[in-house]
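Structure at a glance
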Amino acid sequence: MRADLEAVVAGGGIAGLASAVALARAGWRVTVLERAAELGEVGAGVALARNGIAALHALGVDVEAEEIGVPTRAGGTFDRTGRPILPIADDVEGVTMRGVHRARLHGVLLAHARSLEVEIVTGASVTAAVPGAPGGDRALVTTADGTTRSAHLLVAADGVRSAVRAAVAGGPLPAYSGYSSWRAVLRRRLEVPVLTQYWGPHAEVGTMPVGPELTYWYGYVRMPAGTRFLDERVAARDRFQDWAPEIGEIIDATPPEAVLRHDVLHLPGGMRRYAVGRVVAVGDAAHAMLPTMGQGVATALEDGICVGRLVGEPVAAGARLADTLARYDAERRPRCAAIARAARASALIGSHLGPALQGVRNGLMRRTPSSAVSRGAEAVMGWEPPPAV
């Protein structure tokens, strides 16, 4: 560890911990500030594609040995009655992934951070930040208890409502997508253990294994922001009562307390620059995107290893911070902006599509060979981490 290189990471979620691990491995002294009183993740699942797995391996995480999720694949898309729209055969290449419980992934990253002597400070809500300047003043970050810390590098990993982003860049401001998402994990084995997605008017449902005996499901639905229900499971069951019967069966088997829901926010266009002064932005703080490409967690992990490989390691080897931050921005911003655009496009033809065009969309997609899905996904999922310095 180099005592002369100090980084502060605002946010102890997946993006923040991935960044902290990567910087600690590069020899930096790292402190993570997390606003919650206890570190943890919600009961939800992640379809972690090959690019996310590649990022984890680069971070030093052995997904097999540490039992992060289970191998699975994309099984295709079906209409709300369960009729195939674009089924994906099991011999199609390039659609493999791991079904992962977010809490398990977060716990493994946290264990790695602690093993690398990363300092974790909970109950530390960021209230102010000053970006500093590469080659000049250090960055400053202040928490609600009045403590101010200085750092050679400040990582904004504090989510879509990032206080650091607001302080150093002003915008963009989070926007409501118009959609809210139910999520739950229950103890149940899927008969066909693949990621299966169902599309209907202004809605989408997905099911996927996240453990040998664990199933994750989500329901992504258009509704007014701030909608509240007395019983979220009952509300979800009512919303999908005329969908494929297997959806209702899974919802019925879910304990009421396991059902979560949140309004989906995103950052239209993402940040104009991912690096400001001595601040580098990662994950949702930089590019919160619609969930319709399933790339939120994977790109957060990519960002984390890139902070280490493109900034942390070169600076530790004597490179100028300004140059490394410019490279990080040049490599990460175009890629994440392209994925965010693809997510919006996917939403327009998928879960955001209204009732009038469902039949037209379904008919066109039924003529599409499933191999086209593999070719289209390669640009996203074929990503590899930059080499170590």
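Everything here concerns the structure above.
Each chain has its residues counted from 1, running along the sequence as written. Local features are withheld for residues below a pLDDT of 70 in this predicted model, meaning they are given only at 70 or higher, and side-chain atom pairs are given and counted only at 80 or more; totals for whole chains, interfaces and linings count all residues. Think of the side-chain values as coming from all heavy atoms in the structure, minus any hydrogens and water.

**Quick look at the sheet that holds strand β10 (residues 148-151)**
Spelled out, the test is: For two strands to be treated as a pair, DSSP must find at least two bridges joining them. Secondary structure counts use DSSP, requiring at least four H or I residues in a row for a helix and at least two E residues in a row for a strand, with both numbered from the N terminus. Convention adopted: a line fitted to C-alpha atoms gives each axis, helices being fitted over their contacting stretch, and angles between N-to-C directions are expressed from 0 to 180 degrees.
Reading across the sheet, the 3 strands line up as β8-β9-β10 and stay open at both edges, with antiparallel pairing between neighbours. Edge positions in the open sheet fall to β8 (126-130) and β10, since each of these has one partner strand only. Recorded for the sheet is a direction-independent mean angle of 20° between the axes of neighbouring strands. Taken together, the 4 bridges between strand β9 (residues 139-143) and β10 define a ladder with antiparallel strand orientation.

**Here's the deal with the side chain of N362**
Condition: The buried label applies to any residue whose accessible area, calculated with a 1.4 Å probe on protein chains only, is under 20% of its type's maximum; exposed applies above 50%, and partly exposed to all values in between.
Position of N362 among the secondary structure elements: in helix α10 (residues 358-366). Judged by relative accessible area, which is 7%, N362 ranks as buried.

**Considerations on unusual backbone geometry**
Omega for the bond connecting G171 with P172 falls within 30 degrees of zero, at 0°, which places this linkage in the cis form. Positioned with a positive phi, E117 is a non-glycine residue whose angle comes to about 65°. Judged by relative accessible area, E117 falls into the exposed class, the value being 61%. Of note in the backbone geometry, H202 takes a positive phi value of approximately 55° without being a glycine. By the secondary structure assignment, H202 is in the loop between β13 (195-200) and β14 (203-211).

**Looking at the packing of helix α5 (residues 232-239) against helix α6 (residues 245-252)**
Axis angle and axis distance: for two packed helices, these are the angle between their axes and the distance between the axes, and together they describe the pair. Spelled out, the test is: Orientation labels follow simple angle bins: below 35 degrees gives roughly parallel, above 145 gives roughly antiparallel, 65 to 115 gives roughly perpendicular, and whatever is left gives oblique. Residues count as neighbours in contact if any of their non-hydrogen atoms are within 4.5 Å of one another. Residues are grouped as follows: Ala, Val, Leu, Ile, Met, Phe, Trp, Tyr, Cys and Pro are nonpolar; Asp, Glu, Lys and Arg are charged; every other residue, Gly included, is polar.
For the pair α5 and α6, the least separation of the axes is 10 Å and the interaxial angle reads 175°. When the axis of α5 is compared with that of α6, the two are roughly antiparallel. Two secondary-structure elements touch here, α5 through R233, A236 and R237 and α6 through G248, I251 and D252. Class assignment for the residues of the contact of α5 with α6 results in 2 nonpolar, 1 polar and 3 charged.

**Quick look at the environment of M97**
Summarising the element assignment, M97 is placed in strand β6 (residues 96-101). Residues M97 and V46, spaced 51 residues apart in sequence, show a C-alpha to C-alpha distance of 9.7 Å. The contact partners of M97, leaving out residues within four places of it in the chain, are A47, L48, A49, V70, P71, T72, R73, A74 and L195.

**What about the pattern of salt bridges?**
To keep it simple, the criterion reads: Salt bridges are defined as contacts in which a side-chain nitrogen from Lys or Arg sits within 4 Å of a carboxyl oxygen from Asp or Glu.
Scanning the model with the defined rule gives 17 salt bridges in all. A salt bridge links R261 to E232, with the nearest nitrogen and oxygen atoms 2.9 Å apart. You can see R261 sitting in strand β16 (residues 260-266) and its partner E232 sitting in helix α5, a full 29 residues away along the chain. Grouping residues by exposure puts R261 and E232 together as buried. Taking the shortest distance from any N to any O, the salt bridge between R333 and D329 comes out at 2.7 Å. Here R333 and its partner D329 are both found in helix α9 (residues 321-349), 4 residues apart, which amounts to about one turn of the helix. By relative accessible area, which is 11% here, D329 ends up buried. When salt bridges that share partners are traced, they join E302, D303, R332 and R335 into one network.

**Overview of the environment of A22**
Within the secondary structure layout, A22 lies in helix α1 (residues 14-25). C-alpha separation for the pair A22 and P245, spaced 223 residues apart in sequence, amounts to 45 Å. Here A22 is in contact with L59, G304, I305 and G308, once residues within four sequence places are set aside.

**Section: helix α8 (residues 296-316)**
Rules: To estimate the expected span of a helix, count its residues, drop one, and scale the result by 1.5 Å. What the bend at a residue measures is the angle between two axes, fitted to the seven residues ending there and to the seven starting there.
Between the first and last C-alpha of α8 there are 29 Å, a value that for 21 residues agrees with the 30 Å anticipated at 1.5 Å per step. Within α8, the axis deviates most sharply at C306, by approximately 30°. For α8, the buried fraction is high: 19 of the 21 residues fall into the buried class. Taken from the residues just after α8, G318 is the one with a positive phi, measuring 110°.

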